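Coordinate analysis (summary)
Spelled out from the first residue to the last, the chains are:
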Amino acid sequence: MNATPKRVEHQLTDKGYVPVYTTAVVDQPWDSYTDEDHAVWATLFERQREVLKGRASDEFLASQEAMGMTPGHIPKFSDLNPILREATGWELIGVEGLLPELDFFDHLANRRFPVTWWIRKPDQLDYLSEPDLFHDLFGHVPLLMNPVFADYMAAYGRGGVKAHGIGPEALVNLTRLYWYTVEFGLIRQPDGLRIYGSGIVSSKGESIHCLESDAPNRIGFDLERVMRTRYRIDTYQKTYFVIDSYEQLMEATGPDFAPIYEKLAQLESIPAGDVLESDTVFNKGTGEGWLDEGGD
Ligand code: PHE
Ligand code: FE
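Here we summarise the structure given alongside this text. What you are looking at is a predicted structure, and each value in this text was computed from that prediction instead of being measured. (Residues numbered from 1 in each chain as written. Chains lettered and ligands numbered in written order. Predicted model: local features only at pLDDT ≥ 70, side-chain atom pairs only at ≥ 80, totals over all residues. Heavy atoms only, no water.)

The tally for this structure, following the rule as stated, stands at 15 salt bridges. With its nearest N and O atoms 2.2 Å apart, the salt bridge here joins E65 to R49. With E65 in helix α2 (residues 58-67) and R49 in helix α1 (residues 35-52), the pair connects residues that are 16 residues apart, well separated along the chain. Residue class for R49 comes out buried when judged on its relative accessible area of 17%. A salt bridge links R188 to D244, with the shortest nitrogen-to-oxygen separation between them at 3.0 Å. Here R188, found in strand β6 (residues 186-189), pairs with D244, found in the loop between β9 (239-243) and α11 (246-252); they are 56 residues apart in sequence, far enough to count as distant. Taking relative accessible area as the criterion, D244 reaches 38% and is therefore assigned partly exposed. (Salt bridge = Lys/Arg side-chain N within 4 Å of Asp/Glu carboxyl O. Helix = DSSP H or I, 4+ residues; strand = E, 2+ residues; numbered from the N terminus. Buried < 20%, exposed > 50% of the residue type's maximum accessible area, 1.4 Å probe, protein only.)

Here it is as structure tokens:
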């Protein structure tokens with residue numbers, strides 16, 4: 001069988017190249033992974049487990065172990081699902097690539113986490129511009145074992161369906177929340193700042209940068225502040241937001257967002273690198289290496 005991955009295609013629009021979204025849900029074609037695919041998983045898995053010691057949150061590392069992910073071969077969704085279902089009621093479904101927003105929200109609301117079935121090529125170990133199996137499975141799935149985080153993700157899905165009905169501006173606000181928590185969040189443990197965001201844990205360079213570099217801001221999580229903050233998808237983040245606990249995240253996002261969206265519609269968005277007087281600052285970034293402002 002041929003395992004040539006079906007990549008998400010891009011189309012040139014007035015916003016530049018945007019992915020062509022696909023709704024396809026597929027069975028993970030596990031038998032068609034090549035030795036090279038398994039080797040990419042093994043290399044990335046071993047490399048990141050090493051980098052993440054003392055850098056990823058205890059919860060992330062422990063959950064990954066509890067799921068039984070190993071470097072040996074690309075995990076089978078069908079092996080992970082009983083473990084995940086038992087822990088928090090979540091299950092993994094295979095997808096070709098990025099989903100239309102409403103489909104994505106609907107899956108999350110129903111505790112189905114879409115995982116891209118194909119894995120990057122050996123010359124893409126350090127960077128890929130779209131999610132692949134390594135990012136989705138290694139990065140996102142472990143924390144779904146945590147009951148509080150699992151509830152947060154499902155609540156986010158329900159919130160997404162709602163925001164979609166309110167309008168595009170609400171979706172921008174909500175997407176920023178996802179970006180700065182699920183993808184690029186840091187958490188404060190008793191022994192120091194740790195990573196829980198999947199976009200970071202699946203990147204060797206950013207795992208080190210987000211904690212050890214003086215360049216980025218590290219700022220305490222504040223819901224409205226986060227929802228107003230722009231971000232870039234093509235470079236390391238200028239700002240990381242730090243939560244104290246997953247419970248804090250769950251509580252802060254519990255209230256109805258409808259009035260918050262209304263309020264935020266009256267306020268300017270905040271450039272990705274700005275620090276405000278009202279911020280709780282763990283590190284004020286030097287801004288070294290920052291590219292010009294931009295982003296959503
Ligand atoms: N409380 C949010 C709302 O009313 C839903 C939500 C929960 C959004 C958790 C994000 C995360 O829209
Ligand atoms: Fe992601």
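A few words now on the nonpolar core. Within the largest apolar cluster, 76 residues are counted, with the highest numbers of intra-cluster contacts made by W41, F113 and L137. Top element by residues in this core is helix α7 (residues 168-183). It accounts for 8 residues. Apart from the residues within four sequence positions on either side, W41 is in contact with M69, T70, P71, H73, I74, P75, I119, L133, F134, L137 and F138. (Core = buried A, V, L, I, M, F, W, Y, C linked by side-chain atoms within 4.5 Å. Contact = heavy atoms within 4.5 Å.)

With that settled, the discussion passes to a negative patch on the surface. On the surface, a cluster of negative charge is contributed by D58, E59, E247 and E251. Put simply, the parts of the chain that give the negative patch at least two residues each are α2 and α11. Positionally, E59 belongs in helix α2. (Patch = residues over 30% accessible without salt bridge, like charges linked within 9 Å, V, L, I, M, F, W, Y side chains within 5 Å. Areas by Shrake-Rupley, 256 points an atom, 1.4 Å probe, with all protein chains shown as cover. Lys, Arg positive; Asp, Glu negative; His and termini not counted. Charge placed at Lys NZ, Arg CZ, Asp CG, Glu CD.)

What follows covers the sheet that holds strand β10 (residues 281-283). The sheet built from 5 strands is open, its strands ordered β7-β6-β9-β8-β10 with mixed pairing. Where the open sheet ends on each side, the last strands, each with one partner, are β7 (192-195) and β10. For this sheet, the mean angle separating the axes of adjacent strands, direction not counted, is 35°. Where β6 meets β9, 2 bridges bridge the pair, whose relative direction is parallel. Paired with L186 across the bridge in β9 is V242. (Pairing = 2+ DSSP bridges. Axes fitted to C-alpha atoms, helices over the stretch in contact; angles between N-to-C directions.)

Any functional reading would require information that these geometric values do not contain.
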